[in-house]
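# Fold and geometry: a report
In case you want the letters, here they are:
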Amino acid sequence: GWAVGGVISMVLEMIPLIVLFLITSFHLLSFKALLTIFAVTLIMAFGTYGFAEMLMGVAIYVREADQIVSLVANIAPFLAGLYFPIIQLPKVFIGFSVLFPFTWGLDLVRNILFGSAVLLPVQYEWGMFILVNVLYALAGSKVYDAMIRKARKNGLSKF
């Protein structure tokens with residue numbers, strides 16, 4: 001319930017930004033760019049869902065997993081390039097940044113919208129984007145199922 005509430009409040013808080021974008025920049029985008037952004041968003045949603053399943057799997061078996069989830073939730077926007085391009089991150093953080101499934105999508109969307117520099121050449125960036133998101137989508141349910149089995153077999157002794 002709290003997750004749905006968070007998503008709803010986030011969408012409501014973003015409405016002014018979306019309206020401002022539509023007023024100022026929407027006419028600059030082509031139909032192809034809009035379709036590409038939609039495709040990136042859709043692929044990114046599957047990868048992010050797999051990433052969330054992995055975190056839920058850990059949360060089932062480890063008592064302090066809420067601390068891990070909170071840490072990831074707080075640093076992910078900065079490391080994933082939500083506020084600035086990941087190419088501007090210090091080199092030590094780029095290694096962590098590329099592990100998030102949404103990093104590659106945000107980098108591509110920023111490139112499509114603003115023509116900003118990307119971490120890799122665009123064709124390789126697309127390849128990494130698809131690869132990372134497919135791997136997270138596939139691995140997410142596997143990790144979640146494995147943690148469920150482990151918790152059922154060994155009990156929730158860590159709680």
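Within any chain, residue numbers begin from 1 and follow the written order of that chain's sequence. Where totals are concerned, whole chains, interfaces and linings use all residues; where local detail is concerned, this predicted model gives features only for residues with pLDDT of at least 70, and gives and counts side-chain atom pairs only at 80 or more. Calculation of side-chain values draws on the structure's entire complement of heavy atoms; hydrogens and water are dropped beforehand.

### Details of the overall build of the chain
If you tally the helices and strands in the chain, you get 6 helices and 0 strands. Ordered by position from the N terminus, the helices and strands of the chain form the series α-α-α-α-α-α. Expressed as lengths along the three principal axes of its C-alpha atoms, the size of the chain is roughly 55 × 35 × 30 Å. Burial statistics for the chain: of 159 residues in total, 28% are counted as buried. Considering only residue pairs separated by 6 or more positions, the chain has 66% of its internal contacts joining residues 24 or more positions apart. The Shrake-Rupley method, run with a 1.4 Å probe sphere, supplies the accessible areas, and residue values consider only the shown protein chains as cover. Total accessible area on the chain is roughly 10400 Å²; 74% of this is exposed by carbon and sulfur atoms. A helix here means a DSSP run of H or I that spans at least four residues, while a strand means a run of E at least two residues long, and both kinds are numbered starting from the N terminus. Only protein chains enter the accessibility calculation, which uses a 1.4 Å probe. A residue is then buried if its area is under 20% of the maximum for its type, exposed if over 50%, and partly exposed in between. Note on contacts: a residue pair is in contact if any heavy atoms of the two residues lie within 4.5 Å.

### Regarding the packing of aromatic side chains
Aromatic pairing here means that ring centres of Phe, Tyr or Trp (its six-membered ring) are within 6.5 Å. Orientation follows from the plane angle: under 30 degrees is stacked, over 60 is edge-to-face, and everything else is tilted. In the structure shown here, the tally under the stated rule is 6 aromatic pairs. Centroid distance phenylalanine 51 to phenylalanine 102: 5.9 Å. Interplanar angle 85°. Geometry classified as edge-to-face. Linking phenylalanine 51 in helix α2 (residues 31-61) with phenylalanine 102 in helix α5 (residues 101-114), this pair joins segments that are 51 residues apart in sequence. For the pair phenylalanine 51 and phenylalanine 102, one class covers both residues: buried. A ring pair is formed by phenylalanine 100 and phenylalanine 102, whose centres lie 5.3 Å apart and whose planes are at 15°; its orientation type is stacked. Residue classification places phenylalanine 102 among the buried residues on the basis of a relative accessible area of 15%. Aromatic rings pair up to connect Phe51, Phe100, Phe102 and Tyr136 into one cluster.

### Things to note about the environment of glutamate 64
Along the chain, glutamate 64 turns up in the loop between α2 and α3 (65-79). Separated by 46 residues in sequence, glutamate 64 and arginine 110 place their C-alpha atoms 35 Å apart.

### Quick notes on the environment of serine 9
By the element assignment, serine 9 lies in helix α1 (residues 2-24). Judged by relative accessible area, serine 9 falls into the partly exposed class, the value being 31%. Note: C-alpha distance between serine 9 and serine 141 (132 residues apart in sequence) is 27 Å.

### With respect to the packing of α5 against helix α6 (residues 122-154)
Each pair of packed helices can be summarised by the angle the axes make with each other and by the distance between the axes. All axes here are fitted lines through C-alpha atoms, helices being fitted over the stretch that makes contact, and every angle between N-to-C directions spans 0 to 180 degrees. At their nearest, the axes of α5 and α6 sit 8 Å apart, and the two run at 145° to each other. Here α5 and α6 pass one another in a crossing that is left-handed. Residues Pro101, Trp104, Gly105, Asp107, Leu108, Asn111 and Ile112 of α5 form the contact with α6, whose own contacting residues are Val122, Glu125, Trp126, Met128, Phe129, Val132, Asn133 and Tyr136. Of the residues that constitute the contact of α5 with α6, the class distribution is 10 nonpolar, 3 polar and 2 charged. A clockwise turn of the near helix away from the far one marks a right-handed crossing, whereas an anticlockwise turn of less than a right angle marks a left-handed crossing. The nonpolar class holds Ala, Val, Leu, Ile, Met, Phe, Trp, Tyr, Cys and Pro. Asp, Glu, Lys and Arg form the charged class, and all remaining residues, Gly among them, are polar.

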